[in-house]
Amino acid sequence: MIAERAAPTSPAETPSARFVPADGTGIARIVIDRPDDAVNSVDVRLLDDLMHAIAAARSARPRGLVIASGKADQFMAGADLSLLRGASQQDAERASRRMQEVLEELAALPFTTVAAINGPALGGGFELALACDRRVMADTPNARVGLTEVRLGLIPAAGGTQRLVRLIGLPRALDLILGARQLTPKRALRAGVVDEVVHPAVLLRATGEVALTGGKASARGGRTAIERAITWLAPLRAVALSQARKRTLAETRGFYPAPLRAIDAVAAGLSRGMAAGLEEESRAFGELATSQTGRNLTSLLVRTLRQRRAAFEGLGAARPVGRVGVVGLGFMGSGIAQSAAVAGMTVRARDRDAAAVAKGISSIRKLTTEAARKGAIERREATRVTGRVSGGPDLAGFRHADLVIEAVFEEIGAKRAVISELEAVLRADAVIASNTSALPIGEIARGARHPERIVGMHFFSPVHKMPLIEVVRPAGADPDAVATAVATAVAFGKTPIVVGDGPGFYTTRVLSTMIADAFALVGEGVAIEAIDRAMTEFGWPVGPLQLVDEVGLEVAAHAGETIAKARRMDGPGIVASLADEGFRGKARGGGFYLYEGRKRTANPRVYAILGVTPRATTGGIAGRLTTTFVREAQRCLEEGILRSADEGDLGAVLGLGFPPFLGGPFTYARERGIS
Ligand code: NAI
């Protein structure tokens, strides 16, 4: 992983990497432990100290060498991203060369070297492990290996694209690099990227044994004959590379150059040798790190990491949350309950009757099984996760809850009724969070006995995948209650933004405003498909009209009306008319499109209702809609709904699919002078 420098510098004399001479068994160690950083991210000093330690090891001539981390449950992260900020292309290229040089020295040692992976080893951390002859990984819940750079618009540039291919062959290596995949210990073993997985208590002993018996690495290029053939035989390799390029182009739609450059580096190394491959790696790294896309993506990551702490600014003290209540175990509620259980919390859920509860629990089970199948959690852990959730048709068990999330129908009467029932049983210090998508929290809380403990926690769907939670802080909210909601969001592994109260808060408001402008375009006679196509070609994940069909027309109409009413504008009339005619969305009779199997066509009723003849022009559409989005975001900042432009960028990218390579609405506005 590439990381951001955490703490201020501490004593300059303590090295970031030190050589520990051989013990009785003949095994020496290099211990990496940056004194001023929690995750051992790579900076200039760490590389210098590592180079010295390698030189010391070379002259000491031990029987074997173990590379270990001095951090309790962290092996090593990637480059310290703060160093890339403002760096020139040459600087970035030089940084990559320097790390390559150090790892080449390590790889060239005449005795067996083994990495003791005791926690996350992502990006540059995994490249270090790959430069060792062998790798042993501790079986801990947080241990992961992977080359995750392409997600940041970069490529592995310390030999990662070269060594991984030589270790496991072209097909699997490309899959890991292009997918930026992170592997749990078991999956890492199965993929052949580590030699052994052991209990954390015996990691160092096991690593030492492997150093004595493992021998130097050889470039096998895959486990099976087919993998090796594809890796080493030029004609077969050419086919595999060209297929990978085609797939990548289709997936990235030309917006993200990094995966293609990673393929280039792999190709160069296999056809022209390691030195050429390394050369290609560092050249690509220099270009990508200083490109606008690279800068926007790394900046988003830095801001996301920082947000986990920054979100607490100006709030009170968070209370611990071990027990969570969920009211309404429907689509969102079951996702929320499952995420809480994955985070280790005990969950008590309530829905209207036993059948609804059973349905919710069954989807929690399904989500958890799926997570285990995909390797996101271990199978043993999956059983524990479902064991943490129980439910019933009443509020039994809720008096122990530290925080309750309500996810019942989007109807203010229903939400108020739930709150009044909750207030009768909850502890005085328990927090109530509403997952409404648009209703102002202040209105939901009106009439409550203790409105100050009622906040918003707006999740995004599907909950297990979407990384954002919008925490809504109504006027008069208890600062400790808001902090508790933020801490819970962080415990869920999500990024929280804290926004002011109002119809649609920030995210639903900007999205609905943009969608309303898309309706206006249809009213001006622009074809439905033309609008959606223009937006996906611009980099949005789905077009606005397709999105309305997917969330359902009644839901979209409700959100649109809530916001329109508050801003004294017309509501989305076209959606209401369509819904009245029985067009309720993709799964329910169609909407802006009619669906027939996999095919979809624009719904002619839309044009008939609006009295327009559609034109298929796409010029200027995406720019206009994106600008509408950006302007509304700017209004949210001016009105104090948003605390900062950073939170506005994160909310839009992580919650709404604003194209990440553009860096978010505020970054986009700054670059294009939109004010
Ligand atoms: P849903 O219809 O799937 O689930 C609602 C659940 O609440 C149902 O299981 C229903 O039986 C239960 N329920 C209704 N009244 C109840 C009561 N008095 N006590 C206990 N349970 C009760 O709806 P969905 O989509 O999960 O939405 C729930 C909330 O989440 C809404 O406020 C919605 O606006 C919000 N939301 C929805 C998103 C989405 O994409 N669907 C995204 C973000 C928020």
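Residues numbered from 1 in each chain as written. Predicted model: local features only at pLDDT ≥ 70, side-chain atom pairs only at ≥ 80, totals over all residues. Heavy atoms only, no water.

> Summarise unusual backbone geometry; cite the residues concerned and give the values.
Here the amide bond leading from Ser461 into Pro462 is cis, since omega sits at -5°, within 30 degrees of zero. Within the secondary structure, Pro462 sits in the loop between β14 (454–459) and β15 (468–473). Here the phi dihedral of Asn40 falls at roughly 55°; this positive angle occurs in a residue that is not glycine. Inspection of the secondary structure puts Asn40 in the loop between β2 (27–32) and α1 (44–60). One non-glycine residue, Arg253, lies in the positive phi region at around 45°. Residue position: Arg253 is located in the loop between α9 (234–252) and α10 (258–272). (Helix = DSSP H or I, 4+ residues; strand = E, 2+ residues; numbered from the N terminus.)

> Any chance you could break down the site of the ligand for me, citing the residues and the numbers?
Near the ligand you find 21 residues, and of these Met332, Asp351, Glu410, Lys415 and Ser437 are the closest. Between an oxygen atom of the ligand and a side-chain N or O atom of Ser437, the distance comes to 2.8 Å. Contact distances for the ligand include 3.5 Å between an oxygen atom and a side-chain N or O atom of Ser461. Its free accessible area being 830 Å², the ligand has 79% of it covered by the protein chains. Within the shell around the ligand, the residues separate by chemical class into nine nonpolar, seven polar and five charged. (Near = heavy atom within 4 Å. Polar contact = N/O pair within 3.5 Å; in protein donor to acceptor, adjacent residues only side chain to side chain. Areas by Shrake-Rupley, 256 points an atom, 1.4 Å probe, with all protein chains shown as cover. Nonpolar A, V, L, I, M, F, W, Y, C, P; charged D, E, K, R; others polar.)

> Tell me what's going on with the nonpolar core, and back it up with residues and numbers.
Among the nonpolar cores identified, the biggest contains 80 residues, and Leu422, Tyr506, Ile528, Ile531, Phe592 and Phe658 are the most heavily contacted of them. For this core, the element with the highest residue contribution is helix α19 (residues 507–523), accounting for eight residues. Formed jointly, this core draws a minimum of three residues from each of two domains, domain 2 (323–503) and domain 3 (508–640). Membership of the second largest hydrophobic core comes to 74 residues, among which are Phe111, Ala143, Val145 and Ala262. (Core = buried A, V, L, I, M, F, W, Y, C linked by side-chain atoms within 4.5 Å. Buried < 20%, exposed > 50% of the residue type's maximum accessible area, 1.4 Å probe, protein only. Domains from an automatic or database assignment.)

> Residues and numbers for the domain arrangement of the protein chain, please.
Each assigned domain of the protein chain is listed here: domain 1 (11–290), domain 2 (323–503) and domain 3 (508–640). For domain 2 and domain 3, the distance between their C-alpha centres works out to 29 Å. When the two sides are added together, the surface that domain 2 and domain 3 hide from each other amounts to roughly 560 Å², 64% of it contributed by carbon and sulfur. Our enumeration of links across domain 2 and domain 3 arrives at zero salt bridges. Where domain 2 touches domain 3, the interface holds one residue pair in polar contact (both at pLDDT 80 or more). (Buried area = accessible area lost by both parts, 1.4 Å probe. Salt bridge = Lys/Arg side-chain N within 4 Å of Asp/Glu carboxyl O.)

> An account of the sheet that holds strand β10 (residues 346–350) is needed here, citing residue identities and associated values.
Within the open sheet, the eight strands sit side by side as β11-β10-β9-β12-β13-β14-β15-β16. Their pairing is mixed. The open sheet terminates on both sides in strands that have one partner only, identified here as β11 (389–392) and β16 (495–500). This sheet shows a mean twist of 25° between the axes of neighbouring strands, independent of strand direction. One ladder, built from four bridges, connects strand β12 (residues 403–406) with strand β13 (residues 431–434); its direction is parallel. Bridging from a neighbouring strand, Leu403 pairs with Val431 of β13. Set on the sheet, helix α16 (residues 412–425) makes contact with β9 (323–327), β10, β12, β13 and β14; between it and β13 the angle comes to about 165°. (Pairing = 2+ DSSP bridges. Axes fitted to C-alpha atoms, helices over the stretch in contact; angles between N-to-C directions. Contact = heavy atoms within 4.5 Å.)

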